[in-house]
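# Reading the structure
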Amino acid sequence: EQTQTRFKAELQSRIEESRMREEKQTRTIAVLQHSRQDLEHSMEGLKREMAQEKAAASGAAREAAQAAEEAATAAAHAVEASKEALKEQAEQKDELVKKFDAW
């Protein structure tokens, strides 16, 4: 009788320990799943940020290229205008020289 009572108490103790271990494992699994979901959300956020930064950098590069092209065009027009002004000055000089010679 005493041995049987001890045996029952030992079994109940082991059953309780197993139940507690299972509850602890269940809580640990729940925490891990929650952490995994948090990590997935963070990764998605990082992916979105990287895509936005990439798009912004690409847009900035496009704008810089366009600005450089516009600057080159403006410089080419300035060169042409300078050439034209020099040509006009040379013509005016020639005209003055002719007038002076004729005088």
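Above this text you will find the structure in question.
Report follows, based on the coordinates. (Residues numbered from 1 in each chain as written. Predicted model: local features only at pLDDT ≥ 70, side-chain atom pairs only at ≥ 80, totals over all residues. Heavy atoms only, no water.)

## A closer look at the overall build of the protein
The helix and strand tally for the protein stands at one helix and zero strands. Along the longest, intermediate and shortest principal axes, the C-alpha atoms of the protein span 150 × 10 × 10 Å. Within the protein, the proportion of its 103 residues that are buried is 2%. Split by element, the accessible area of the protein, about 9,800 Å² in all, is 58% carbon and sulfur. (Helix = DSSP H or I, 4+ residues; strand = E, 2+ residues; numbered from the N terminus. Buried < 20%, exposed > 50% of the residue type's maximum accessible area, 1.4 Å probe, protein only. Areas by Shrake-Rupley, 256 points an atom, 1.4 Å probe, with all protein chains shown as cover.)

## As for the pattern of salt bridges
Per the stated rule, a full pass over the model turns up six salt bridges. Put simply, Arg19 and Glu16 hold a salt bridge, and the shortest N to O gap is 2.2 Å. Of this pair, Arg19 and Glu16 both sit in helix α1 (residues 2–102), separated by three residues, roughly a single helical turn. Overall, Arg19 belongs to the partly exposed group, its relative accessible area being 36%. In this structure, Lys83 and Glu80 form a salt bridge, with 3.8 Å as the shortest nitrogen-oxygen distance. (Salt bridge = Lys/Arg side-chain N within 4 Å of Asp/Glu carboxyl O.)

## Focus on a negative patch on the surface
A cluster of acidic residues, Glu84, Glu88, Glu91, Asp94 and Glu95, forms a negative patch at the surface. Along the chain, the position of Glu95 falls in helix α1. (Patch = residues over 30% accessible without salt bridge, like charges linked within 9 Å, V, L, I, M, F, W, Y side chains within 5 Å. Lys, Arg positive; Asp, Glu negative; His and termini not counted. Charge placed at Lys NZ, Arg CZ, Asp CG, Glu CD.)

## Focus: a nonpolar patch on the surface
On the surface, a cluster of nonpolar side chains totalling about 310 Å² of accessible area is made up of Phe7, Leu11 and Ile15. Using a relative accessible area of 53% as the deciding quantity, one classes Phe7 as exposed.

## Points about the environment of Met20
Within the element layout of this structure, Met20 appears in helix α1. With a relative accessible area of 47%, Met20 lands in the partly exposed category. Through-space distance from the C-alpha of Met20 to that of Phe7 is 20 Å; in sequence the pair is 13 residues apart.

Nothing here speaks to function; it is geometry throughout.
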